[in-house]
Amino acid sequence: MSQLLIRPEAFRNRIDDFGYEFLSFETRKLDRGQTYYGETSRTELAIVVLGGICSVTSSRGEWLKFGKRATVFDGLPYTLYLPIFTSFSVTTENGCDLAFCYCKAEEEYPARLITPDKVGIEIRGGGNATRQINSMLPPSFLAQRLIVVEVFTPAGNWSSYPPHKHDVHNPPDEVDLEEIYYYRIQGPEGFAIQKVYTADGRIDETMTVRDGELVLVPEGYHPVVAGHGYNVYYLNALAGSARSLACSDDPNHAWVRTEWKEKDPRLPMMRR
């Protein structure tokens, strides 16, 4: 198995940094009446509600009964941002499915709940490379390093295409970012295929990704395709040399942008 493809047991109910400098990640499903206690310590944190409803009590405030969608394919997200040195507890009355995106930080910013009406929606690409990006913690959000978005790719479509990279600090054209792709697939038999490669061939991995798995993108180009018949969701957490999403296309494939005439009519998959 590729070292870039991470099985759920590595980060389910435990924080894993995967060897990254900044990012770490965890998922948890809480059953009815369960409580989870945590501490951000020297990290800033985005708690993304993948499904269900939860409440958070913290040293920075309290947010009660937020979340709405049953699964990621049922609506827009609620996301709670917590700054460094915050103690918190998560409770749920009927169960919830959560992702915890941690990022090393030194600066303190206000805690904030990002509700669906505050999520930025972009339909990017064209043709069978059209996808939907929901921005919860975009570069303009008040945080030190952490950027969090989620992407919906309709069945059979390409995403993160043309292949692009962000592994060189050369602003404003490109910045150096670590990245996590955390997947959910609509259908138990479904899959996505992700490729991660560098121009010099040091990295050249092609992975079959299934529901609940994660792909690391430490560097290089990283396109995705959703298996025909199965809509694909992935949660992106990014952090690095600057709070920007500036990237550069693979020059061998950048020309495809000129061929896009229409957007895929299946998008947006998630509306307000």
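Fair warning: this is a prediction, and the values are worked out from it, not measured in the lab.

So, about the pairing of strand β9 (residues 96–104). Look at any regular strand and the pattern is simple: side chains alternate between the two faces of the sheet. With eight of nine residues buried, β9 lies mostly within the body of the structure. Relative to β9, strand β2 (residues 23–30) runs antiparallel, the two being bridged by eight bridges. Of the residues in β9, the one forming a bridge with Leu23 is Cys103. Bridging between strand β4 (residues 43–52) and β9 involves nine bridges; their strand directions are antiparallel. Bridging across to β9, Ala46 finds its partner in Cys101.

Ranked by internal contacts, the top residues of the largest apolar core, which has 57 residues, are Phe25, Tyr183 and Leu235. With residues near it in sequence (within four places) discarded, Tyr183 still touches Ala192, Gln194, Val209, Arg210, Asp211, Gly212, Glu213, Val215, Val224, Val232, Tyr233 and Tyr234. Residues Leu30, Val56, Phe66 and Leu80 belong to the second largest nonpolar core, which totals 18 residues.

Turning to the packing of aromatic side chains, a few remarks are in order. A complete count under the given rule lists 15 aromatic pairs for this structure. Relative to Tyr221, the ring of Tyr197 has its centre 5.2 Å away and its plane inclined at 35°; by these criteria the two rings are tilted. Of this pair, Tyr197 sits in strand β17 (residues 192–197) while Tyr221 is found in the loop between β19 (214–217) and β20 (224–226), placing the two residues 24 residues apart along the sequence. Among the residues examined, Tyr197 registers a relative accessible area of 12% and is labelled buried. Put simply, the rings of Phe11, Phe18, Phe25 and Tyr182 pair up and form one aromatic cluster.

Further remarks concern unusual backbone geometry. Omega for the peptide link from Pro171 to Pro172 comes to 5°, which places this bond in the cis form. In this model, Leu267 is joined to Pro268 through a cis peptide bond whose omega is 5°. Locating Pro268 in the fold gives a position in the segment after β22 (248–249). Although it is not a glycine, Asn13 sits at a positive phi angle of roughly 65°. One non-glycine residue, Ser160, adopts positive backbone phi at about 50°. Look at Ser160 and you get buried, because its relative accessible area is 6%.

Reading the values: the criteria
- Residues numbered from 1 in each chain as written.
- Predicted model: local features only at pLDDT ≥ 70, side-chain atom pairs only at ≥ 80, totals over all residues.
- Heavy atoms only, no water.
- Buried < 20%, exposed > 50% of the residue type's maximum accessible area, 1.4 Å probe, protein only.
- Helix = DSSP H or I, 4+ residues; strand = E, 2+ residues; numbered from the N terminus.
- Pairing = 2+ DSSP bridges.
- Core = buried A, V, L, I, M, F, W, Y, C linked by side-chain atoms within 4.5 Å.
- Contact = heavy atoms within 4.5 Å.
- Phe/Tyr/Trp six-rings, centres within 6.5 Å; stacked < 30°, edge-to-face > 60°.

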